[in-house]
Amino acid sequence: EAGVTQSPTHLIKTRGQQVTLRCSPISGHTSVYWYQQALGLGLQFLLWYDEGEERNRGNFPPRFSGRQFPNYSSELNVNALELEDSALYLCASNRGTGPGELFFGEGSRLTVL
Amino acid sequence: RKEVEQDPGPFNVPEGATVAFNCTYSNSASQSFFWYRQDCRKEPKLLMSVYSSGNEDGRFTAQLNRASQYISLLIRDSKLSDSATYLCVGPDMRFGAGTRLTVKP
């Protein structure tokens, strides 16, 4: 069974640009979570999607947004990139039946210059 | 206030030592917690779930203390391979900051 896959694995952008990160959950999982992990820091909760709906949002500005598609894959969009957006963006999925094990992808490492 | 707060690290212990981490939580109604392990530059992976009855898996024991609102992770007979960052997370899937453990020869 394929795990959570994320793309791209690495990317470099400049300030002010926009980026879209993609995540495919494990087959059968309906919930997708997005986290930001800056270098040496903890995981900061960004967004939670389940069954195509945004269920919860972390303390991030509106330029961080996303969506979940009917096949449960998800995109994270970040507009007007700032230097401090440089981080590893991790996607995780689970069955969406309540709190339970999260299965993480390997992440997308974004560098903003 | 964050849902979960973790012991500040880092913890540096010799092989064979017993080490314990705590994680306090703010929502007294929370009933399910999880401990994850994250190796350097890798994604987190589930180590143990923690419910009211606690959990034990080999050298690892996780417990939930409702009265004092904290969960704990105990690692006995530490191995070099236990070196990692240990993260707690509550039912809202917000992670604590993580506690870094280094086990030294």
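To keep things clear, this report deals only with the structure shown in the data block. The structure presented is a predicted model; accordingly, all values stated were derived computationally and were not measured.

Residues and elements named next belong to chain A. Tracing the chain through its elements places Ser 73 in the loop between strand 7 (64-68) and strand 8 (74-78). Since its relative accessible area comes to 14%, Ser 73 is described here as buried. There is a polar contact of 2.7 Å between the side chain of Ser 73 and the side chain of Asn 71. Not counting the four nearest positions on each side in its chain, Ser 73 is found in contact with Cys 23, Ser 24, Pro 25, Arg 67 and Gln 68.

To continue, consider the layout of surface pockets. By volume, the largest pocket is sized at about 420 Å³. In this structure, the largest pocket is lined by 19 residues; those nearest its centre are A:Gln37, A:Gly40, A:Leu41, B:Gln38 and B:Thr85. Listing elements by their share of the lining of the largest pocket, those giving two or more residues are strand 9 (84-89) and strand 10 (99-104) of chain B. Considered class by class, the residues forming the lining of the largest pocket number seven nonpolar, seven polar and five charged. In this structure, the second largest pocket spans a volume of roughly 250 Å³. Among the residues forming the lining of the second largest pocket, the class breakdown is five nonpolar, four polar and three charged.

Quick look at the interface of chain B and chain A now. When the parts come together, some accessible area is lost, and that loss is often what is quoted as the size of the interface. Counting residues at the interface gives 15 residues for chain B, matched by 21 residues for chain A. Interface area for chain B against chain A, summed over the two sides, is near 1500 Å², with a carbon-plus-sulfur share of 58%. On inspection of chain B and its partner chain A, the count reaches zero salt bridges. On the surface where chain B and chain A come into contact, there are four residue pairs in polar contact (both at pLDDT 80 or more). In terms of residue count, strand 4 (residues 33-38) of chain B provides more of the side of chain B that touches chain A than any other element does, three residues in total. Of the residues contributing to the side of chain B that touches chain A, the split by class is nine nonpolar, two polar and four charged.

The next point concerns the nonpolar core. B:Phe21, B:Trp35, B:Ile71, B:Leu73, B:Ile75, B:Tyr86 and B:Leu101 are the most contacted members of the largest nonpolar core, which has 22 residues in total. For this core, the elements supplying multiple residues, two or more each, are strand 3 (19-25), strand 4, strand 5 (45-50), strand 7 (60-65), strand 8 (70-75), strand 9 and strand 10 of chain B. Judged by nonpolar contacts, the second largest core, of 21 residues, contains A:Val4, A:Trp34, A:Leu46 and A:Ala87.

With that settled, the discussion passes to the state of the cysteines. Residues and elements named next belong to chain A. Inspection of every chain in the model, using the stated rule, returns two disulfides over all chains. The side chain of Cys 23 participates in a disulfide bridge whose partner is Cys 91; the two sulfur atoms lie 1.8 Å from each other. Of note, the bridge from Cys 23 to Cys 91 carries an S-S torsion of about -60 degrees and is left-handed in sense. Of this pair, Cys 23 sits in strand 3 (residues 19-24) while Cys 91 is found in strand 9 (residues 87-94), placing the two residues 68 residues apart along the sequence. According to the relative accessible area criterion, Cys 23 is buried, its value standing at 1%.

Reading the values: rules and limits
Residues numbered from 1 in each chain as written. Chains lettered and ligands numbered in written order. Predicted model: local features only at pLDDT ≥ 70, side-chain atom pairs only at ≥ 80, totals over all residues. Heavy atoms only, no water. Helix = DSSP H or I, 4+ residues; strand = E, 2+ residues; numbered from the N terminus. Buried < 20%, exposed > 50% of the residue type's maximum accessible area, 1.4 Å probe, protein only. Polar contact = N/O pair within 3.5 Å; in protein donor to acceptor, adjacent residues only side chain to side chain. Contact = heavy atoms within 4.5 Å. 1 Å grid on protein atoms, 1.4 Å probe; cavity = no way out; pocket = protein on both sides within 12 Å on 5 of 7 lines; lining within 4 Å. Points joined across faces, edges and corners; volume = space filled by probe spheres on them. Nonpolar A, V, L, I, M, F, W, Y, C, P; charged D, E, K, R; others polar. Buried area = accessible area lost by both parts, 1.4 Å probe. Salt bridge = Lys/Arg side-chain N within 4 Å of Asp/Glu carboxyl O. Core = buried A, V, L, I, M, F, W, Y, C linked by side-chain atoms within 4.5 Å. Disulfide = S-S within 2.5 Å.

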